[in-house]
Amino acid sequence: GGGAGDDGGVAAAAVEARLLMHEAAMRAREEKACAGLLILAAYYGDVQAALAEAGEAADEEEEVAVGPAAAGQARGWLDVRVALQFAVSRSSLRLPAGSKAGLRGFATVRPAPLTADGHRAPCELWLRYEIAGEVRTLCVEDAAPVLLGRASAARGAR
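Definitions and limits used
- Residues numbered from 1 in each chain as written.
- Predicted model: local features only at pLDDT ≥ 70, side-chain atom pairs only at ≥ 80, totals over all residues.
- Heavy atoms only, no water.
- Pairing = 2+ DSSP bridges.
- Helix = DSSP H or I, 4+ residues; strand = E, 2+ residues; numbered from the N terminus.
- Axes fitted to C-alpha atoms, helices over the stretch in contact; angles between N-to-C directions.
- Salt bridge = Lys/Arg side-chain N within 4 Å of Asp/Glu carboxyl O.
- Contact = heavy atoms within 4.5 Å.
- Core = buried A, V, L, I, M, F, W, Y, C linked by side-chain atoms within 4.5 Å.
- Buried < 20%, exposed > 50% of the residue type's maximum accessible area, 1.4 Å probe, protein only.
- Phe/Tyr/Trp six-rings, centres within 6.5 Å; stacked < 30°, edge-to-face > 60°.
- pLDDT = per-residue confidence, 0-100.

Focus on the sheet that holds strand E2 (residues 77–79)
Reasoning step 1: Judged by pairing direction, the sheet is antiparallel, and its 4 strands sit side by side in the order E2-E1-E4-E5 without closing on themselves. Every interior strand has two partners, whereas the edge strands, E2 and strand E5 (134–141), have only one. Sheet twist, expressed as the mean angle between neighbouring strand axes with direction ignored, is 15 degrees.

Here you go:
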């Protein structure tokens, strides 16, 4: 079992998200103004559990954006919308291959509980985003790189 250290990392991620929030909100406004990349929602860890719970909280507005990060920690997922919006630069989001747990506003999450047949939900990154007025959804495994936005649209261009 994980010691208290795990929760410390998650608590630190929640504090980090609060610090990033102001900057992330500014970037969101800039992206909105140019129809760029807007992170609408994002979860890290046990994505199915996060989505099930987020469905219930969908009526609540952004004021509680940091709430789920704290609330989700015991359940094996984090709300990383603020952290990802903060990472958006010039309408692009690039995350390197490898675990996302070390990124700003992220933390190592508790593994999902085993299901009846002995499987465990994988640690994934799920996000819903808007680019150029289109809403899209992406779900990748923790170790996969992420490339969103203008950069991915202009792969051929140099």
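Points about the pattern of salt bridges
Reasoning step 1: Scanning the model with the defined rule gives 3 salt bridges in all.
Reasoning step 2: Measuring nitrogen to oxygen at the nearest pair gives 2.6 Å for the salt bridge that ties Arg104 to Glu16. Here Arg104 is found in the loop between strand E3 (92–95) and strand E4 (124–131), whereas its partner Glu16 is found in helix H1 (residues 4–33), with 88 residues between them in sequence.
Reasoning step 3: For Arg136, the salt bridge is made with Glu134, and the minimal N-O distance between the two is 3.4 Å.

Here's the deal with the side chain of Asp46
Reasoning step 1: For Asp46, the position within the fold is in the loop between strand E1 (37–45) and helix H2 (47–57).
Reasoning step 2: Contacts of Asp46, omitting those with residues within four sequence positions, involve Arg75, Gly76, Trp77, Ala112, Pro113, Ala121 and Pro122.

Here's the deal with the nonpolar core
Reasoning step 1: Of all hydrophobic cores here, the largest spans 29 residues; its most connected members are Ile39, Val80, Leu84, Leu93 and Leu125.
Reasoning step 2: The set of elements that each furnish at least two residues to this core consists of H1, E1, helix H4 (81–87), E3, E4 and strand E6 (146–149).
Reasoning step 3: Those residues within four positions of Leu93 in sequence are excluded, and the remaining contacts are Leu37, Ile39, Leu84, Ala87, Val88, Val146, Leu147 and Leu148.
Reasoning step 4: One finds Ala41, Tyr43, Trp77 and Trp126 within the second-largest nonpolar core, a separate group that totals 7 residues.

Some thoughts on the packing of aromatic side chains
Aromatic ring pairs are reported here in terms of the distance separating the ring centres and the angle at which the planes meet.
Reasoning step 1: In total, this model carries 3 aromatic pairs according to the counting rule given.
Reasoning step 2: Taking the centre distance of 5.6 Å and the plane angle of 85 degrees together, the rings of Tyr43 and Trp77 count as edge-to-face. Placement of Tyr43 in strand E1 and of Trp77 in strand E2 is noted, with a sequence separation of 34 residues between them. Each member of the pair Tyr43 and Trp77 is classed as buried.
Reasoning step 3: Pairing Tyr44 with Phe106 gives two aromatic rings, centres 5.1 Å apart and planes at 70 degrees, and the pair type is edge-to-face. Of this pair, Tyr44 sits in strand E1 while Phe106 sits in the loop between E3 and E4; the two residues are 62 residues apart in sequence, bridging distant segments of the chain.

What to know about the confidence of the model for the protein
Reasoning step 1: Considering every residue of the protein, the mean pLDDT works out to 83; 78% of them sit at 70 or more.
Reasoning step 2: Every residue in residues 1–5 is under pLDDT 50, and counting partners more than four places away or in other chains gives 0 contacts.
Reasoning step 3: Confidence drops under pLDDT 50 across residues 154–158; counting only partners more than four residues distant or on other chains, this segment forms 0 contacts.

A closer look at unusual backbone geometry
Reasoning step 1: Phi at Arg90 takes a positive value of approximately 45 degrees, unusual for a residue other than glycine.
Reasoning step 2: Assignment of secondary structure puts Arg90 in the loop between H4 and E3.
Reasoning step 3: Positive phi is not limited to glycine here, since Ala132 has a value of about 50 degrees.
Reasoning step 4: By the element assignment, Ala132 lies in the loop between E4 and E5.

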